[in-house]
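The primary structure of each chain is shown beneath.
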Amino acid sequence: MTAVISPKKEKFIIPIGPQHPALKEPGHFEFAVDGEIVTEATVRLGYVHRGIEKGAEARNWTQNLYLVERICGICSHIHALTYALGVEVLAEVEVPPRAQAIRVLVAELERIHSHLLWFGVAAHEAGFDTLFMYSWRDRETIMDILEALTGNRVNYSANVLGGVKFDISDEQRKVILDGLDFLEKRTHHYLDVATSDGMFLQRTRGIGITRLQDAQRLGIVGPTARASGVMRDVRVDAPYAAYDMFPINIVVETAGDLEARFVVRLKELFESFRLVREILDNLPPGDLQAKRFPRRIKPGEVISRVEAPRGEVFYYIRSNGSDMPERVKVRTPTLCNMASVLSLAVGHHLADMPMLLVGIDPCFSCNDRGVSICSSQGEHGRWTWERLRQFGIDYYANKV
Amino acid sequence: MKIATMFSDIWQSLWQRPVTQKYPFERKEAPDRLRGKLHWNPENCTGCALCNKDCPANAIEVITIDKKEKRFVMRYHLDRCTYCAQCVESCRFSCIELSDKEWELASTHKQPFTVYYGNEDDLNEFMAKFTQPESEPTPQ
Ligand code: SF4
Ligand code: SF4
C-alpha cells in the first residue's frame, strides 16, 4: 500500500505590510514561498498618494517651489532644485553662478545626510543596531551644518526662483569644513565595517546580485545601478546647476550585490566631501539671485533631470502662459528601482527581503503619484475626473 | 574577515556622556539663520499683497483698512506657516522678518496661533469692525 502525495497546487503567500514593511513607510508586498525560498513577489504601492501633482496646478509658480519640496522629506532640496531649474529654463532667466554653486553645495550636503541615513537604516534591517545608532549619531553633524547654513534641518527652502536665499559666511565655512573632517574620518571607519565585519557580510555579500544586463534592462537608476557597473549619473551625463564648474567622479562597482551598494554609497560620500570643499574654496563671486523673475511664464514645456541621492529625479513642467503651471509631472528614482526588488526576490530567502528592499534605498511617499490606466481591453491613456469618479462609484457598487 | 568591528566605538562610549541632550532642561543655542515666528513692520508696507500671494501655506492675510492712507494690518496664522521665508523674499520693502529666537511655538490653545500685527489705531479699528472674537477662527 503506498500513499500518493500529490504536489500541492496552492501557493503559500506571506503578506508583508502595508504597515511597516521593514521601513516606516507603507507598501504592501506579497511573497509566495516554497519553504524559506521566495518563488513569486508582487508589490502594491499607492498608500501615501497625496495628490501633489494636482495640487501644483492650483498654486502659482512660487508656491509650488515649496510644495514640491515636500514630495520627499529626505531629498527635499533636490526636488525644489529640479523644479527651479526647469522653471528657470521656461522663464528664460539666467541664474548667477554663485547661486548655482551654493545650490550644488546644499545638494551635496543633502546627499551626505541621505546616504548616512540610509546606511543606518540598512544596518538596522540587517540587525546591526550598534552601527545604526553610531551612524545616526554622526549624521547629526551634517544635520546641524544644514540647519546653520539654511535655517532648517529638513525642507531647507534654500532656493527661490532665480537663485538662492543665502550666502555662505566665513564662520559657516569653518563649521562645514570641521564637520566634514570628522565625518570623513567616520566614513573611513564605516567603510571598513561594511566591507570587513564577518557577521554583517553574511547579510550583504553575494546577496541580491544584479548583473549589468539586468540593471540596464530593468532601467535601474542611481547608486543601485552604479553598484552593478552601470555608468550612469545625471551629474556627469548632463551636468546641471554648477556641476560643469565642479565635476564629480562617478563611483562604480561591478559586483552588483548588496555589499557593492554599500560600497558605492559610502564612496560617494568621499566624492561629496571633496566636492563641498572644492566649492567652498572656489565659490564664484556675484549675485545670489537673478534681477527679476516673471510672475507669468510664457507657454512652453520643459524637462528637468537631476541626480538625487537615490537616482534620477525627472520633472516635466508645462506652462500655458499664466502664473500657474498647467502640468507638473514628477518621477522619482524609487519607482524605477522597485522592479529590481521584485525580480531579485525570486530565489532568495524570505529573511533577505527587508535587506533587498532597503538595498534600493526606497522612499515610498516620493513614488506614490502617477496614475496611468492600462486596462485589460487594451485601453490606454488619460481619464477625465468625471470618468475616474464614475469608475470609483461603479467599483464599490459592484463590490457589495 | 573580522568580527566585532564596532567594539572600539562601544568601548570609547563607555567613558563618554550620552550625546542626547536633555531638552528642555538643556537648550542648545539656535543658529542665527533659524526661521522662527514671523514679524511684520507696517511702516513701509504698500499693501501690494505679494507676500500674501506667494505664501505657500496661506498663512498671511494683508488686510486693507484704508488704501489711500496706506493703513494695513496683517493676520498671521502661526499654525499654517511652514517657515520657508518666501514672504521675506517676496516683500520688496523689507517689512517681514523671521525671528531666530522665537521657535518654541507649541501651545495647547488655538488662540496664540493667530497673530495680528499693525499700528495700534489700525488694529483697534479693525477689531471694532471684526465682530467675531479672535479665539474662534471661521472654519475654512
Ligand atoms: S514663512 Fe513661508 S509659510 Fe510662513 S508666512 Fe512666510 S511665506 Fe508663508
Ligand atoms: S509684500 Fe511687503 S509691502 Fe507687499 S503687502 Fe506684503 S508686507 Fe506689505
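First, a word on scope: everything that follows refers to the structure included in this document. Numbering of residues starts from 1 in every chain and runs along the sequence as written. All chains are assigned letters beginning at A, and all ligands numbers beginning at 1, according to the order in which they are written. In view of the model being predicted, local features appear only for residues whose pLDDT reaches at least 70, and side-chain atom pairs are presented and counted only at 80 or more, with totals across whole chains, interfaces and linings using the full set of residues. To get the side-chain values, take all heavy atoms of the structure and skip hydrogens and water.

**Comments concerning the overall build of chain A**
In step 1: Elements are defined by DSSP. Helices are runs of H or I of four residues or more, strands are runs of E of two residues or more, and each kind is numbered from the N terminus. Within chain A one finds 15 helices and 10 strands.
In step 2: Between the two quantities, the radius of gyration covers C-alpha atoms and the globule rule is 2.2 Å times the number of residues to the power 0.38. Whereas a compact globule of 400 residues would reach a radius of gyration of roughly 21 Å, chain A reaches 23 Å, a difference of no more than 12%.
In step 3: Counting only C-alpha atoms and orienting by the principal axes, one finds that chain A spans roughly 90 × 60 × 35 Å.
In step 4: Buried, partly exposed and exposed residues are distinguished by accessible area as a fraction of the type maximum, computed with a 1.4 Å probe on protein chains only: under 20%, between the cut-offs, and over 50%, respectively. Residues classed as buried in chain A amount to 55% of the 400 residues present.
In step 5: By definition, residues are in contact when any of their heavy atoms lie within 4.5 Å. Within chain A, counting contacts between residues at least 6 apart in sequence, those at least 24 apart form 70% of the total.
In step 6: For every accessible area listed, the method is Shrake-Rupley and the probe measures 1.4 Å; residues are considered covered only by the protein chains on display. In the form shown here, chain A has an accessible surface area of approximately 17,500 Å², with 55% of it arising from carbon and sulfur atoms.
In step 7: Put simply, chain A has 48 plus and 51 minus side-chain charges, and the middle of one group is 4 Å from the middle of the other. His is not counted, nor are the chain ends, whereas Lys and Arg count as positive and Asp and Glu as negative. To locate a charge, take atom NZ for lysine, CZ for arginine, CG for aspartate or CD for glutamate.

**Remarks on the interface of chain B and chain A**
In step 1: Counting residues at the interface gives 27 residues for chain B, matched by 39 residues for chain A.
In step 2: Buried area: the sum, over both parts, of the accessible surface (1.4 Å probe) that disappears when the two are put together. Between chain B and chain A lies a buried interface of about 2,600 Å² when both sides are counted; carbon and sulfur atoms form 48% of it.
In step 3: Considering only the surface of chain B that becomes buried against chain A, M6, R33 and R35 of chain B emerge as the three largest contributors, covering 26% of it.
In step 4: The salt bridge criterion pairs a side-chain nitrogen of Lys or Arg with a carboxyl oxygen of Asp or Glu, the two atoms within 4 Å. Summed over the shared surface of chain B and chain A, the result is four salt bridges.

**Things to note about a negative patch on the surface**
In step 1: The grouping of D170 and E171 of chain A together with E29 and D32 of chain B at the surface amounts to a negative patch.
In step 2: If you trace the backbone, D32 of chain B turns up in the loop between α1 (7-14) and β1 (38-40).
In step 3: For D32 of chain B, a relative accessible area of 65% puts it in the exposed group. Patches were defined on residues exceeding 30% relative accessible area and lacking a salt bridge, with like-charge contacts within 9 Å and nonpolar side-chain contacts (Val, Leu, Ile, Met, Phe, Trp, Tyr) within 5 Å.

**Some details on the nonpolar core**
Across soluble globular proteins, nonpolar side chains have a tendency to be buried as a group.
In step 1: Nine residue types can take part in a nonpolar core, namely buried Ala, Val, Leu, Ile, Met, Phe, Trp, Tyr and Cys, and a core is a set of them joined through side-chain atoms within 4.5 Å. Judged by nonpolar contacts, the single largest core of 114 residues is most densely connected at Y83, L109, I112, L131, Y315 and I317 of chain A.
In step 2: Leave out the neighbours within four places in its chain, and L131 of chain A touches F119, A123, Y190, V193 and F200 of chain A together with M6 of chain B.
In step 3: Listed in part, the 24 residues of the second largest apolar core include W40, F72, C91 and L98 of chain B.

**Some details on the sheet that holds strand β2 (residues 28-34) of chain A**
Across a sheet, strands are paired by hydrogen bonds formed along the backbone, either parallel or antiparallel in direction.
All names here are of chain A.
In step 1: Whether two strands pair comes down to DSSP finding at least two bridges between them. Judged by pairing direction, the sheet is antiparallel, and its three strands sit side by side in the order β1-β2-β3 without closing on themselves. The open sheet has two edge strands with one neighbour each: β1 (12-16) and β3 (37-44). Taken pair by pair, the neighbouring strands of this sheet meet at an average axis angle of 25 degrees, ignoring direction.
In step 2: Sheet topology places β2 next to β3; seven bridges connect them, and they run antiparallel. Following the sheet pairing, F29 is matched in β3 by V43.
In step 3: Of the strands in this sheet, β2 and β3 touch helix α12 (residues 333-345), which is tilted by about 155 degrees from β3. Under this scheme, a helix contributes an axis fitted over its contacting stretch, all axes are lines through C-alpha atoms, and angles between N-to-C directions fall in the 0 to 180 degree range.

**Focus: the pattern of salt bridges**
In step 1: All chains considered together, the criterion is met by 43 salt bridges over all chains.
In step 2: The salt bridge involving K298 of chain A is made with E92 of chain A; its shortest N-O contact spans 2.6 Å. In this pair, K298 of chain A is assigned in the loop between α11 (258-281) and β6 (300-308) and E92 of chain A in the loop between α3 (76-91) and α4 (97-125), connecting sequence segments 206 residues apart.
In step 3: With a relative accessible area of 45%, K298 of chain A lands in the partly exposed category.
In step 4: Residue classification places E92 of chain A among the exposed residues on the basis of a relative accessible area of 61%.
In step 5: Among the salt bridges present, the one from R17 of chain B reaches E26 of chain B, with a minimum N-O distance of 4.0 Å.
In step 6: Within this structure, E108, R111, R226, D233, R235, E268 and E307 of chain A form a network of salt bridges that share partners.

**A closer look at the site of ligand 2**
In step 1: Neighbouring residues of ligand 2: W40, C45, T46, G47, C48, A49, C51, C91, F93 and C95 of chain B.
In step 2: Its residues placed into classes, the shell around ligand 2 shows eight nonpolar, two polar and no charged. We define proximity as follows: a residue is near a molecule or strand when any one of its heavy atoms falls within 4 Å of that partner. Gly is placed with the polar residues, together with every amino acid not listed as nonpolar (Ala, Val, Leu, Ile, Met, Phe, Trp, Tyr, Cys and Pro) or charged (Asp, Glu, Lys and Arg).

**So, the sheet that holds strand β5 (residues 114-117) of chain B**
Residues and elements named next belong to chain B.
In step 1: If you walk across this open sheet you meet the three strands as β2-β3-β5, and the pairing is antiparallel. Every other strand in the sheet has two partners, leaving β2 (60-66) and β5 as the edge strands with one partner each. Pairwise comparison of adjacent strand axes, ignoring direction, gives a mean angle of 20 degrees for this sheet.
In step 2: Strand direction decides the pairing type here: β2 and strand β3 (residues 71-77), joined by six bridges, are antiparallel. Counted as the bridge partner of V62 is M74 from β3.
In step 3: Strands β2, β3 and β5 of the sheet are contacted by helix α4 (residues 120-129), whose axis makes an angle of about 70 degrees with β3.

**Let's talk about the packing of aromatic side chains**
Residues and elements named next belong to chain A.
In step 1: Each aromatic pair joins two rings of Phe, Tyr and Trp (for Trp, the six-membered one) with centres within 6.5 Å, and gets the label stacked for planes under 30 degrees apart, edge-to-face for over 60, and tilted for any other angle. Scanning all chains against the criterion turns up 17 aromatic pairs over all chains.
In step 2: Aromatic pair W118 and F262: ring centres 4.7 Å apart, planes at 50 degrees, arrangement tilted. With W118 in helix α4 and F262 in helix α11, the pair connects residues that are 144 residues apart, well separated along the chain. Grouping residues by exposure puts W118 and F262 together as buried.
In step 3: Seen from their ring centres, F391 and Y395 are 6.4 Å apart, and the 25 degrees between their planes marks the pair as stacked. With F391 and Y395 both in helix α15 (residues 385-399) and four residues apart, this pair spans about one turn of that helix.
In step 4: Residue classification places Y395 among the partly exposed residues on the basis of a relative accessible area of 41%.
In step 5: Members of the aromatic cluster, each reached through a chain of ring pairs, are W118, F119, F128, Y190, F200 and F262.
In step 6: Directly above the ring of W136 sits R139, whose terminal nitrogen or CZ lies 5.0 Å from the centroid. Whether a charge sits over a ring depends on NZ of Lys or CZ of Arg being within 6 Å of the ring centre and within 35 degrees of the ring normal.

Read these as spatial facts, not as claims about activity.
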